[in-house]
Amino acid sequence: MFGAGGGTSSYREIEETDLVVLWGSNAREAHPIFFHHLLKGLRRGAKMYAVDPRRSTSAQWADAWLGIDVGSDIALANTVGREIIKAGLVNIEFVRRSTTGFDEYAAAVEPFTLAEGERLTGVPASVIADFAHDYARADRAQLCWTLGITEHHTATDNVLALCNLSLLTGHVGRYGSGLVPLRGQNNVQGGGDMGALPNKFPGFQDVEDDAIRAKFDAAWGVTVPAQRGWHLAQMFDAMERGDLRALYVLGENPAQSEADNHRAVRLLEGLDHLVVQDIFLTKTAQLADVVLPAAVAAFESEGTVTSSERRVQRLRPALRPPEGARDDVEILGELARRLGSDWGHPSAEEVWDECRSLSPMHAGMRYDRLEALGGIQWPCPSEDHPGTPFLHGRLWEEDPDRRGRLAPFSPVAFEPPLDELTEEFPVRLTTGRRLDSFNTGVQSGGYASPLRRPETLDLSPEDMAALGLAEGELVEVTSRRGSITVPVHLERSLRPGLAFMTLHFPDQADTNVLTLDTWDPKSGTAEFKATAVRVDRLPEAVGAEPVAEPVAEKLEVG
């Protein structure tokens, strides 16, 4: 946030804050460890707002649930921002001292009256106003989000819209007040930190900065290309054009995790050469020309891992990898040697020491310090630095010069989902996770769970009744990209017109056959959360006992 590639706050802060906003996140199921920290905050008296199209198991803990229409997050954030301004609740001193662009932002949100916000989002105007006033007036507030915000074609703008609210109110740069993006899976933060981005070196240093690139050129003895690379969505577009002919996949399963699955598989099958390095023979690995069996990083390898609170921690092997599987560092080093660049046989600690010699935010994180301190939160610029529990404290410092220290407001325009609802495709399908499973099920599917049930298309009681469907009945779900057959399940947390599926069981129901692969031009993230579908009874199901009428009371927003 504001120049740093990570959340601003520590987990402990959610336990000691006064107000929690959980926006586009079912953290109880998708981030259960973090949710335990959040519950400590609620038990200490924090108030919680949940912004989510579904009344999820997380939203059920909230004091108020804002059941927005899918994809209307910017409209809601802009309405909240306007209401804070109109009610005179802006932290004027903070905005004056620490931000830029307030006037432009205020002009951009002016059309988003409470009435207009209700029309665009489906959330009652009175609830939006209560939310805006409580957030602005709170002494400390944590604004948390995850894939419900970022898996849209407006992903980056969605995040910026939330950041604007923190700047209006001064809820950033202080203990207990911050912006908390919950990472989608283990060590996503660490992957970005280590340069697994097409435009960044380790430590979020810009590839296109000549001085930074020269530092890496000298350390590595090569000339690094001066232009950023492709992100994942651009790689698939390049495959389609024929500009990308070989792919090396480490620990990913794009054959099942990518939107518009038929296209993704077709493009992977059309490559000249596909290499997959993984711990399982995934569907992607089954398409590969070469499979490199890897050790499990979490249990069989030395190294580091970074959590959503920017805490770098040591990893040690608890188990020996099975015969034939090798550590990632060993595999990559051996591949480099065969390609003509002998790296020797560096230990994980030696690799880490090279990283921190080049990344200022990691410079002080010696292995023995990580051990002694139970992990360190970046930035940690020197070996006598304790790490940084929360970011952007500079915004609260008096600084006569102030150049380079201000946080910008970012006016963003509201755009509805690209996959338009029509008479032919009248139902909005959104996707997410369940507590018992993980992503495409590769890691969790081999283990039994008393919580697990087969994949279903979850529908509201009203839609089940309107379609004449019985619990468990097979239906055909069709989008503009394809069709799948799946049983239906009556889900009381859903409103009419909204359906839900997970990505956990692609062998039973390949949800990503339906989803849209159009992506956010700034982040490259596909719009998984907003698919337009229709639901049809199968001919053989006609005559089955339907749900005659809604069996649950109407869920009120707020």
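Per chain, the residues get numbers from 1 upward, laid out in the order the sequence is written. Under the rules for a predicted model, residues below a pLDDT of 70 receive no local features and side-chain atom pairs below 80 are neither given nor counted, while totals for whole chains, interfaces and linings still include all residues. As a rule here, side-chain values come from all non-hydrogen atoms in the structure, and water together with hydrogens is ignored.

Trainee: Can you walk me through a nonpolar patch on the surface in this structure?
Mentor: In this analysis, a patch consists of residues with relative accessible area above 30% that form no salt bridge, clustered at 9 Å for like charges and at 5 Å for the nonpolar side chains Val, Leu, Ile, Met, Phe, Trp and Tyr. Per-residue and other accessible areas were derived by the Shrake-Rupley procedure at a 1.4 Å probe size, with only the shown protein chains allowed to occlude residues. Salt bridges are counted wherever a side-chain nitrogen of Lys or Arg sits within 4 Å of a carboxyl oxygen of Asp or Glu. A cluster of nonpolar side chains, contributed by Tyr248, Leu250, Leu332, Leu335, Leu339 and Trp343, occupies part of the molecular surface with about 580 Å² of accessible area. What counts as a helix is a DSSP run of H or I of at least four residues, what counts as a strand is a run of E of at least two, and both are numbered from the N terminus. Mapped by element, the contributors of at least two residues to the nonpolar patch are strand E9 (246-250) and helix H18 (328-338). By secondary structure assignment, the location of Leu250 is in strand E9. When a residue's accessible area, from a 1.4 Å probe over protein chains only, is under 20% of the maximum for its type it is buried; when over 50% it is exposed; and in between it is partly exposed. With relative accessibility at 41%, the residue Leu250 sits in the partly exposed group.

Trainee: Is there a simple way to explain the nonpolar core in this structure?
Mentor: A general feature of soluble globular proteins is that nonpolar side chains tend to end up buried together. In this description, a nonpolar core means a group of buried Ala, Val, Leu, Ile, Met, Phe, Trp, Tyr and Cys residues linked to one another through side-chain atoms lying within 4.5 Å. Residues Trp23, Ile84, Phe131 and Tyr135 are the most contacted members of the largest nonpolar core, which totals 44 residues. What makes two residues a contact is simply this: any of their non-hydrogen atoms within 4.5 Å. Excluding anything up to four places from it in sequence, Trp23 contacts Val51, Asp73, Leu76, Ala77, Phe131, Leu143, Cys144, Trp145, Thr146, Ile149, Leu162 and Leu165.

Trainee: Where do I start with the sheet that holds E9 in this structure?
Mentor: DSSP calls a pair of strands paired once it identifies at least 2 bridges connecting them. Spatial ordering of the open sheet is given by E9-E10-E11, a layout of three strands whose pairing is parallel. Of all the strands in the sheet, just E9 and strand E11 (290-293) have a single pairing partner and so form its edges. In this sheet, adjacent strand axes meet at a mean angle of 10 degrees when their direction is disregarded. For strand E10 (residues 273-278) and E11, the ladder comprises four bridges, and the chain directions are parallel. Bridged to Gln277 within E11 is Leu292. Angular values range over 0 to 180 degrees, each being the angle between N-to-C directions of two axes fitted as lines to C-alpha atoms, with helices fitted over their stretch in contact. The strands that H18 touches are E9, E10 and E11; relative to E9, the one it contacts most, it runs at about 155 degrees.

Trainee: Whenever I open this one, helix H8 (residues 125-137) confuses me. Can you help?
Mentor: One less than the number of residues in a helix, times 1.5 Å, gives the span that helix is expected to have. For H8, built from 13 residues, the straight-helix expectation of 18 Å at 1.5 Å per residue is met to within 8% by its first-to-last C-alpha distance of 18 Å. Listed in full, the buried residues belonging to H8 are Ala125, Val127, Ile128, Ala129, Phe131, Ala132, Tyr135 and Ala136.

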